[in-house]
Amino acid sequence: MTFPSDDELTAGPNALEGLVRPDWPEDFRAGFACLVGRPNAGKSTLTNALVGQKVAITSGRPQTTRHTIRGIVHREDGQLVLVDTPGLHRPRTLLGQRLNDLVRETLGEVDVIVFCLPADEKIGPGDRFIARELGQQHTPVVAVATKADLVSRERLAEHLLEIDQLGSWADIVPVSAVAGDQVDVLTDVLFARLPLSPPLYPDGELTDEPENVMIAELVREAALEGVRDELPHSLAVVVEEINERPRDDDDPRPPMLDVHVNLYVERPSQKAIVIGKGGARLRDVGTRARKGIEALLGARVYLDLHVRVAKDWQRDPKLLQRLGF
Ligand SMILES: Nc1nc2c(ncn2[C@@H]2O[C@H](COP(=O)(O)OP(=O)(O)OP(=O)(O)O)[C@@H](O)[C@H]2O)c(=O)[nH]1
């Protein structure tokens, strides 16, 4: 992932003229946080609650967050750049290994780590695996009991005690991202861990995720809706091309874009699932994804989806690189 370079950070306001505010308070803080936790722990939902607007793709299905997506919390006194990582998990395939490498790299570079532990589930081997990983990092870790709205006070108290015994944390905060409880408390705790720094991003910018990745996520989320549990690991989405159609200068309508997207599956049987009978399912996927893409780009979109079989793409380093991993 690309953080601003040292040059960009130290060159001062002139280098970023027109981008960031020309002056900032002496005690301004800015830095990076990343969210870790096992699949379904509530990382994406918490990212959205902190940022206050939908930026990451959420889903009831585990491990939909393949790509690192950032949101930015802007306050008068600082900027917190959130990195939403894929679930840290035991590697089973090369893809799993790549994801874990990516996560570890991210953990070492941020100023504070947010470890999400859902209150409605017992602490399990997956959480302990992550806790051990975090124990080897020097970055401070704030443990968060997520989904606090789903459990009783007694259960929450028990959960907080278990979290306390799991490792050594800079802080422990119970939060409900859905109800909005304690999100402000967590924000304060995270800001306190950031270094004094000039602003890193222009005001109001929520995410710098390349549009292509956001588009691929929207298509992927639509394509996974309502299909078998095995498919999440077997589906990769790549935006091949975006072309704007020529139009008259005085045309008051939003621009019209042709968006070409490939969906890669591992087996012909999976291709049949994605396409559906007579192509009906793929048309649905296209309709749903198109709405999100139009909202994202502020344009009219013609979405062209192709499903391709790429055998064992999860194990093929060359193909992984082509698919953006
Ligand atoms: N009731 C309640 N549900 C929540 C809360 N936070 C998340 N959820 C739900 O839990 C599920 C998983 O949330 P996500 O935010 O997608 O979890 P994640 O950790 O990003 O999941 P992966 O992308 O699979 O790693 C979704 O159905 C959310 O709606 C919360 O504070 N309260």
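Residues numbered from 1 in each chain as written. Predicted model: local features only at pLDDT ≥ 70, side-chain atom pairs only at ≥ 80, totals over all residues.

**Observations regarding the pairing of strand β4 (residues 112-118)**
Part 1: Within β4, 7 of the 7 residues are buried, leaving the element largely enclosed by the surrounding structure.
Part 2: Of the two faces of β4, the one carrying Val112, Val114, Cys116 and Pro118 and the one carrying Ile113, Phe115 and Leu117 are both buried.
Part 3: Two strands pair when backbone bridges link them, and β4 and strand β5 (residues 141-146) are joined in this way by 6 bridges, in the parallel orientation. What sits directly across from Leu117, in β5, is Ala145. (Buried ≥ 20, exposed ≤ 12 C-beta atoms within 10 Å, placed from the backbone. Helix = DSSP H or I, 4+ residues; strand = E, 2+ residues; numbered from the N terminus. Pairing = 2+ DSSP bridges.)

**Considering the packing of helix α7 (residues 211-224) against helix α9 (residues 280-297)**
Part 1: Orientation of α7 relative to α9, taken along the N-to-C sense of each, is 150°, at an axis distance of 8 Å. Comparing the axis directions of α7 and α9 gives the class roughly antiparallel. As for the relative orientation of α7 and α9, their crossing is right-handed in sense. Note on element contacts: α9 touches α7 through Val285, Arg288, Ala289, Gly292, Ile293, Leu296 and Leu297, opposite Glu211, Met214, Ile215, Leu218, Val219, Ala222 and Ala223.
Part 2: Looking at side-chain class alone, the contact of α7 with α9 contains 11 nonpolar, 1 polar and 2 charged residues. (Axes fitted to C-alpha atoms, helices over the stretch in contact; angles between N-to-C directions. Parallel < 35°, antiparallel > 145°, perpendicular 65-115°, else oblique. Left-handed = near helix turned anticlockwise from the far one by under 90°. Contact = placed C-beta atoms within 7 Å. Nonpolar A, V, L, I, M, F, W, Y, C, P; charged D, E, K, R; others polar.)

**A few points about the environment of Arg75**
Part 1: On the secondary structure map, Arg75 appears in strand β2 (residues 69-75).
Part 2: In sequence terms Arg75 and Arg29 are 46 residues apart; their C-alpha atoms lie 9.6 Å from each other.

**Here we look at the nonpolar core**
Part 1: Counting 42 residues, the largest nonpolar core has Ala33, Cys34, Ile113, Phe115, Cys116 and Val144 as its most contacted members.
Part 2: Those elements that place two or more of their residues in this core are β1 (29-36), α2 (43-51), β3 (78-84), β4, α4 (125-135), β5, α5 (153-166) and α6 (183-191).
Part 3: By size, the runner-up hydrophobic cluster in this structure holds 22 residues, among which are Ala223, Val261, Val285 and Val301. (Core = buried A, V, L, I, M, F, W, Y, C linked by C-beta atoms within 7 Å.)

**Here's the deal with unusual backbone geometry**
Part 1: Despite not being glycine, Asn40 shows a phi value in the positive range, around 75°.
Part 2: Checked against the element boundaries, Asn40 lands in the loop between β1 and α2.
Part 3: Phi at Gln182 is positive, roughly 70°, even though this residue is not glycine.
Part 4: In this structure, Gln182 sits in the loop between β6 (171-174) and α6.
Part 5: Take Gln182: there are 18 C-beta atoms within 10 Å of it, and that puts it in the partly exposed class.

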